[in-house]
2 protein chains.
Amino acid sequence: MSMSMVHPSVHPIEAPPMTDHAIAIPRHTLKDTQGMPGTLGGFLLRFLQFSFAVVSLSVMATTSDFPSVTAFRYLVAAVSLQSLWSLSLAVADIYAILVRRGYRNIKVVCLFSIGDGITSTLTFSAACASAGITVLIGNDLNDCAQNHCSRFETATAMAFMSWFAASPSFILNFWSLASK
Amino acid sequence: MSMSMVHPSVHPIEAPPMTDHAIAIPRHTLKDTQGMPGTLGGFLLRFLQFSFAVVSLSVMATTSDFPSVTAFRYLVAAVSLQSLWSLSLAVADIYAILVRRGYRNIKVVCLFSIGDGITSTLTFSAACASAGITVLIGNDLNDCAQNHCSRFETATAMAFMSWFAASPSFILNFWSLASK
């Protein structure tokens, strides 16, 4: 990814127009909207995704009996992937902010959009599966005495928060891809 | 909805241009793509969503012990909503096909897109929660003798199929909304 970031994908945000355009192009495009990759809002979203995913992973991993439930193992795998993906894109955002450039290459935005779609869908499905089992243990079976209900609930809630933070990234990328 | 469908939302697909346009407008827009509301492909997608949701609902409702698990009750509610929404839009598609018109009003497409987003997210989350519990019963606890494992699995699989059929509708509507 670092190879593709060096040249064709990053362009100066406020580059002077190279040619005279026949039609006026609005100065403020969606590409400069906060939350897009390469902006401070985008970095904050990535940071939130990463933090919630790591908290979810840590809380679930501290329970001794999570490997006995398939959905909890799946949650650990999904939030691990989400945290790695979000960390990578947070680093890419920091790089773009430091060199004061944005991501304008359609292939890069497409890659970000597909990656966001896959990781956020995995995180959401894992959070839903864990929520189903947490509610089964806590409400339907009333078996919280033998289980780490509060830790399961915390890990599930953090995975949902990570998905909430990932959704704006995906929707903004997908929207900017479609509006090209 | 029938009121808003009568006039401002439906327009002739091949209406002659009323004014001379300065720029050429391509004849084949995304609005005529199969799968959009008002096309045969769109109707087929709605029909598949409705069928899978109804099969999932019926199979889950025939198990005597589904009300004891919260996630299964949630699945029944979610696929009921999905089937009602898909049926309404299938009827709207049939109407549009019969009068040979398409849905071009941006407010109507926006409404369809938001409705698709909500119903498909609910169906997907319910399917994930049910899948987590079905796998817990079948694989982790090995307790299929006392439970209707195969019916739970069928209902879950049908809910996933309904979500698979709902995704193209949502993505096409959202894409056409963004590309306006």
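- As recorded in an unreviewed UniProt entry, chain A goes by CASP-like protein and comes from Vigna angularis var. angularis.
- Under the UniProt heading Sequence similarities (unreviewed entry), the entry covering chain A gives this text: "Belongs to the Casparian strip membrane proteins (CASP) family."
- Regarding chain A, the relevant UniProt record gives this comment under Subcellular location (unreviewed entry): "Cell membrane".

## Quick look at the environment of serine 162 of chain A
Turning to step 1, where the next piece is worked out: On the secondary structure map, serine 162 of chain A appears in helix α5 (residues 149–178).
Turning to step 2, where the next piece is worked out: Discounting chain neighbours no more than four positions away, the residues touching serine 162 of chain A are Gln49, Phe52, Ala53, Gln82 and Thr123 of chain A.

## Thoughts on unusual backbone geometry
Negative phi is the rule for most residues except glycine; trans is the rule for most peptide bonds.
All names here are of chain A.
Turning to step 1, where the next piece is worked out: Its identity is not glycine, yet asparagine 142 carries a phi of approximately 50°, on the positive side.
Turning to step 2, where the next piece is worked out: Take asparagine 142: it is sitting in the loop between α4 (106–140) and α5.
Turning to step 3, where the next piece is worked out: A relative accessible area of 62% places asparagine 142 in the exposed class.

## As for the interface of chain A and chain B
Turning to step 1, where the next piece is worked out: At the interface, 21 residues of chain A touch 20 residues of chain B.
Turning to step 2, where the next piece is worked out: Roughly 1700 Å² of surface becomes buried between chain A and chain B when both sides are summed, with 80% attributable to carbon and sulfur atoms.
Turning to step 3, where the next piece is worked out: Here chain A and chain B share zero salt bridges between them.
Turning to step 4, where the next piece is worked out: Linking chain A with chain B are two residue pairs in polar contact (both at pLDDT 80 or more).
Turning to step 5, where the next piece is worked out: Among the secondary structure elements, those contributing two or more residues to the side of chain A that touches chain B are α3 (70–98), α4 and α5 of chain A.

## Let's talk about the environment of cysteine 110 of chain B
All names here are of chain B.
Turning to step 1, where the next piece is worked out: Along the polypeptide, cysteine 110 turns up in helix α4 (residues 106–140).
Turning to step 2, where the next piece is worked out: Relative accessible area serves as the criterion here: at 30%, cysteine 110 is assigned to the partly exposed category.
Turning to step 3, where the next piece is worked out: Spatially, the C-alpha atom of cysteine 110 lies 9.9 Å from that of alanine 178, the residues being 68 residues apart in sequence.

## Some details on the state of the cysteines
Residue and element names in this part refer to chain B.
Turning to step 1, where the next piece is worked out: A full pass over the atoms with the stated rule returns two disulfides over all chains.
Turning to step 2, where the next piece is worked out: Here cysteine 144 is linked by a disulfide to cysteine 149, with a sulfur-sulfur distance of 2.1 Å. Between cysteine 144 and cysteine 149, the S-S torsion sits near -95°, and that sign places the bridge as left-handed.

## Re the environment of phenylalanine 164 of chain A
Residue and element names in this part refer to chain A.
Turning to step 1, where the next piece is worked out: Structurally, phenylalanine 164 can be placed in helix α5.
Turning to step 2, where the next piece is worked out: With a relative accessible area of 52%, phenylalanine 164 lands in the exposed category.
Turning to step 3, where the next piece is worked out: Sequence spacing of phenylalanine 164 and phenylalanine 124 is 40 residues, and the spatial spacing of their C-alpha atoms is 8.9 Å.

## Observations regarding the relation of the copies chain A and chain B
Turning to step 1, where the next piece is worked out: After a rotation of 180° and a shift along the axis of 0.0 Å, chain A superposes on chain B with an RMSD of 0.0 Å. Between the two chains, the operation in question is that of a two-fold axis.
Turning to step 2, where the next piece is worked out: Both copies present the same face, since 95% of the interface residues in chain A are matched by interface residues at the equivalent positions in chain B.

## Here we look at the pattern of salt bridges
Residues and elements named next belong to chain A.
Turning to step 1, where the next piece is worked out: Within the structure shown, the criterion is met by two salt bridges over all chains.
Turning to step 2, where the next piece is worked out: Note that arginine 46 is salt-bridged to aspartate 116, the shortest N-O span being 2.8 Å. Taken together, the residues arginine 46 in helix α2 (residues 40–62) and aspartate 116 in helix α4 connect sequence positions 70 residues apart. No difference in accessibility class separates arginine 46 from aspartate 116, as the two residues are buried.

## Notes on the packing of α3 of chain A against α5 of chain A
Any two packed helices are characterised by how steeply their axes cross, that is the angle between the axes, and by the distance between the axes.
Residue and element names in this part refer to chain A.
Turning to step 1, where the next piece is worked out: Where α3 contacts α5, the two axes come as close as 11 Å, and the packing angle between them is 35°. The way α3 lies across α5 gives a crossing that is left-handed. Seen from α3, the contacting residues are Phe72, Leu75, Val79 and Gln82; seen from α5, they are Phe152, Ala155, Ala159, Ser162 and Ala166.
Turning to step 2, where the next piece is worked out: In the contact of α3 with α5, the residues fall into seven nonpolar, two polar and no charged.

## Focus: the packing of aromatic side chains
Residues and elements named next belong to chain B.
Turning to step 1, where the next piece is worked out: According to the stated counting rule, one finds 16 aromatic pairs over all chains in the structure shown.
Turning to step 2, where the next piece is worked out: With a centroid separation of 6.1 Å and 75° between ring planes, the pair formed by phenylalanine 124 and phenylalanine 160 is classed as edge-to-face. Here phenylalanine 124, found in helix α4, pairs with phenylalanine 160, found in helix α5 (residues 149–178); they are 36 residues apart in sequence, far enough to count as distant.
Turning to step 3, where the next piece is worked out: On the basis of relative accessible area, phenylalanine 124 is assigned to the buried category, the value being 7%.
Turning to step 4, where the next piece is worked out: Exposure remark for phenylalanine 160: the relative accessible area of 22% places this residue in the partly exposed category.

## Some remarks on the UniProt feature "transmembrane region" (unreviewed entry) in chain A
Residue and element names in this part refer to chain A.
Turning to step 1, where the next piece is worked out: Feature annotation in UniProt places "transmembrane region" (unreviewed entry) on residues 43–62, 74–98, 110–137 and 157–178, given in this structure's numbering.
Turning to step 2, where the next piece is worked out: Counted over residues 43–62, helix gives 100% and strand 0%. Its end C-alpha atoms are 28 Å apart.
Turning to step 3, where the next piece is worked out: With 100% helix and 0% strand, residues 110–137 has end C-alpha atoms that lie 41 Å from one another.

## Looking at the nonpolar core
Turning to step 1, where the next piece is worked out: Met60 and Ile133 of chain A together with Met60 and Ile133 of chain B are the most contacted members of the largest nonpolar core, which totals 42 residues.
Turning to step 2, where the next piece is worked out: Listed by contribution, the elements that provide at least two residues to this core are α2, α3, α4 and α5 of chain A together with α2 (40–62), α3 (70–98), α4 and α5 of chain B.
Turning to step 3, where the next piece is worked out: In contact with methionine 60 of chain B, other than residues within four places in its own chain, are Phe66, Phe72, Leu75, Val76, Phe152 and Ala155 of chain B.

What counts, and at which threshold
- Residues numbered from 1 in each chain as written.
- Chains lettered and ligands numbered in written order.
- Predicted model: local features only at pLDDT ≥ 70, side-chain atom pairs only at ≥ 80, totals over all residues.
- Heavy atoms only, no water.
- UniProt positions renumbered as here; feature names shortened; annotations may be inferred.
- Helix = DSSP H or I, 4+ residues; strand = E, 2+ residues; numbered from the N terminus.
- Contact = heavy atoms within 4.5 Å.
- Buried < 20%, exposed > 50% of the residue type's maximum accessible area, 1.4 Å probe, protein only.
- Buried area = accessible area lost by both parts, 1.4 Å probe.
- Salt bridge = Lys/Arg side-chain N within 4 Å of Asp/Glu carboxyl O.
- Polar contact = N/O pair within 3.5 Å; in protein donor to acceptor, adjacent residues only side chain to side chain.
- Disulfide = S-S within 2.5 Å.
- Least-squares fit on C-alpha atoms with pLDDT ≥ 70 in both.
- Axes fitted to C-alpha atoms, helices over the stretch in contact; angles between N-to-C directions.
- Left-handed = near helix turned anticlockwise from the far one by under 90°.
- Nonpolar A, V, L, I, M, F, W, Y, C, P; charged D, E, K, R; others polar.
- Phe/Tyr/Trp six-rings, centres within 6.5 Å; stacked < 30°, edge-to-face > 60°.
- Core = buried A, V, L, I, M, F, W, Y, C linked by side-chain atoms within 4.5 Å.

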